[in-house]
Amino acid sequence: MSGTIHPHIWQPASLLQLAHVRAGLTTRGFGNMAPYVGDVEEATQNRVQLAGILGCSAEAVVWATQVHGTDIAEADRRSTGCLGTFDAIVTREPGCLLLCYTADCVPIWLVSSRRPLGAVVHAGWRGSAALVVRAAVEQLIKLGAEPTELHAVVGPAIQGSCYEVGRETAERFPEAVVDADGGGYRVDLPLFNRMQLQEAGIPKRHIETSRLCTHCHQGFSSYRREKEAAQRMAAFLLFGS
Ligand SMILES: [Zn+2]
């Protein structure tokens, strides 16, 4: 399993080398993936199409109602559809197609290099401040992972000068990830999530951080750019057997 699988899917380079993993982010051209935005039937068809591209059944697709919290679902081969209200989904079985929906929020993939064990995580500013990705790593460790076998990808998200926030939001973050030069506050959410991954024990060389900004790059969906019309992309993770 390597190379680009579809022109409208972004794939993190560092996971392409792991033969048992399929991971990526559907981009704007793939169409809306979330059932709570736009045409429900169209989103369903887009998820079915993604499952087909990845060689699994539509019933294997699982996702959650994301609420910017830290609760974590576990999916297994009997899981299907919406699992409930969660912002991270872990699995320790091959064949579950995990989805997490984003449009500016940070998608994060956590993958064991040794076995079918991993997670997708949704981290906007609230989830990032609440340390959701750290909670997801700790859950994988509880399920038997060594931190050193984990690989992580912090995916495309709004960042840099595009991500200006109010002072009250900025104050929830350590100074190291806040830029207050020249007025206003900018929070580096990808960096803050990367710091959490390192603090949880994942080796630096196992962490890929995308510097693609969803707001700058029209190929991605952006809530700040497109407002209510913004589609949701899907960060997906599937383990092969
Ligand atoms: Zn930008």
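No experiment lies behind these values; they were computed from the predicted model shown.

So, how was this worked out
Residues numbered from 1 in each chain as written. Predicted model: local features only at pLDDT ≥ 70, side-chain atom pairs only at ≥ 80, totals over all residues. Helix = DSSP H or I, 4+ residues; strand = E, 2+ residues; numbered from the N terminus. Buried ≥ 20, exposed ≤ 12 C-beta atoms within 10 Å, placed from the backbone. Contact = placed C-beta atoms within 7 Å. Pairing = 2+ DSSP bridges. Core = buried A, V, L, I, M, F, W, Y, C linked by C-beta atoms within 7 Å. Axes fitted to C-alpha atoms, helices over the stretch in contact; angles between N-to-C directions. Parallel < 35°, antiparallel > 145°, perpendicular 65-115°, else oblique. Left-handed = near helix turned anticlockwise from the far one by under 90°.

**Digging into the overall build of the protein**
Broken down by element type, the protein carries 7 helices and 15 strands. In terms of overall dimensions, the protein has a C-alpha envelope of 50 × 40 × 35 Å along the principal axes. Across the 241 residues in the protein, those meeting the buried criterion constitute 43%. For the protein, the proportion of contacts with a sequence separation of at least 24, taken over those separated by at least 6, is 60%.

**Quick word on the sheet that holds strand E15 (residues 233-239)**
Sheet strands associate in pairs through backbone hydrogen bonding, adopting either a parallel or an antiparallel arrangement. Within the open sheet, the 6 strands sit side by side as E1-E2-E15-E7-E3-E5. Their pairing is mixed. Edge positions in the open sheet fall to strand E1 (9-10) and strand E5 (81-85), since each of these has one partner strand only. Sheet topology note: the E1/strand E2 (residues 21-26) ladder contains 2 bridges and is antiparallel. By the bridge assignment for E2, isoleucine 9 is matched with threonine 26.

**Brief notes about the nonpolar core**
Membership of the largest hydrophobic core comes to 68 residues, with the highest contact counts inside it found for Ile89, Leu99, Trp109, Leu110, Val120, Val121 and Ala136. Sequence-distant contacts of tryptophan 109, defined by excluding residues within four places in its chain, comprise Pro12, Leu15, Ala23, Gly118, Val120, Ala152, Val153, Ala235 and Leu237.

**Focus: the environment of isoleucine 141**
Positionally, isoleucine 141 belongs in helix H4 (residues 132-142). Since 14 C-beta atoms lie within 10 Å of it, isoleucine 141 is described here as partly exposed. Sequence separation between isoleucine 141 and lysine 204 is 63 residues; the distance between their C-alpha atoms is 17 Å.

**With respect to the sheet that holds strand E10 (residues 150-154)**
Pairing in this open sheet of 6 strands is mixed, and the strands run E4-E6-E9-E8-E10-E14 from one edge to the other. On the outer flanks of this sheet lie strand E4 (72-75) and strand E14 (207-209), each paired with one strand and no other. Strand after strand, the sheet turns through a mean of 15° between neighbouring axes, direction not considered. Against the sheet, H4 makes contact with E4, strand E6 (88-91), strand E8 (106-112), strand E9 (118-123) and E10, and its axis sits at roughly 165° relative to E9, the strand it touches most. Across the sheet, helix H6 (residues 189-199) lies against E8, E9, E10 and E14, angled at about 175° from E14, the strand it touches most.

**Side note on the packing of H4 against H6**
Between H4 and H6, the shortest axis-to-axis distance is 8 Å and the interhelical angle comes to 30°. Relative to H6, H4 is oriented roughly parallel. Viewed along their axes, H4 and H6 form a crossing whose handedness is right-handed. Each of Val133, Arg134 and Val137 in H4 lies in contact with H6, whose residues at this interface are Asn193, Gln196, Leu197 and Glu199.

**Notes on H4**
Where H4 is concerned, the buried positions are Val132, Val133, Ala135, Ala136, Val137 and Leu140. Of the residues trailing H4, glycine 144 is marked for its positive phi of about 115°.

**Quick notes on H6**
For H6, the complete set of buried residues consists of Leu189, Pro190, Phe192, Asn193, Arg194, Gln196 and Leu197. Glycine 201 sits one or two positions beyond H6 and adopts a positive phi of about 105°.

**Observations concerning the environment of histidine 151**
Of note, histidine 151 is situated in strand E10. Each C-alpha atom, one on histidine 151 and one on leucine 110, is 5.8 Å from the other, the two residues being 41 residues apart in sequence. Not counting residues within four places of it along the chain, the set of residues in contact with histidine 151 comprises Ser14, Leu15, Val111, Ser113 and His206.

**Here's the deal with the pairing of E8**
When you tally the buried positions in E8, you get 7 out of 7 residues, the bulk of the element. Side chains Val106, Ile108, Leu110 and Ser112 of E8 all project onto a buried face; the interleaved residues Pro107, Trp109 and Val111 project onto the opposite face, where all are buried too. In this sheet, E9 lies alongside E8 in antiparallel orientation, the contact comprising 6 bridges. The residue of E9 that forms the bridge with valine 106 is alanine 123. Taking the residues that link successive antiparallel strands as the turn, the E8-E9 hairpin has 5 residues. When E8 meets E10, the two strands line up antiparallel, connected through 5 bridges. Bridge pairing links tryptophan 109 to valine 153 in E10.

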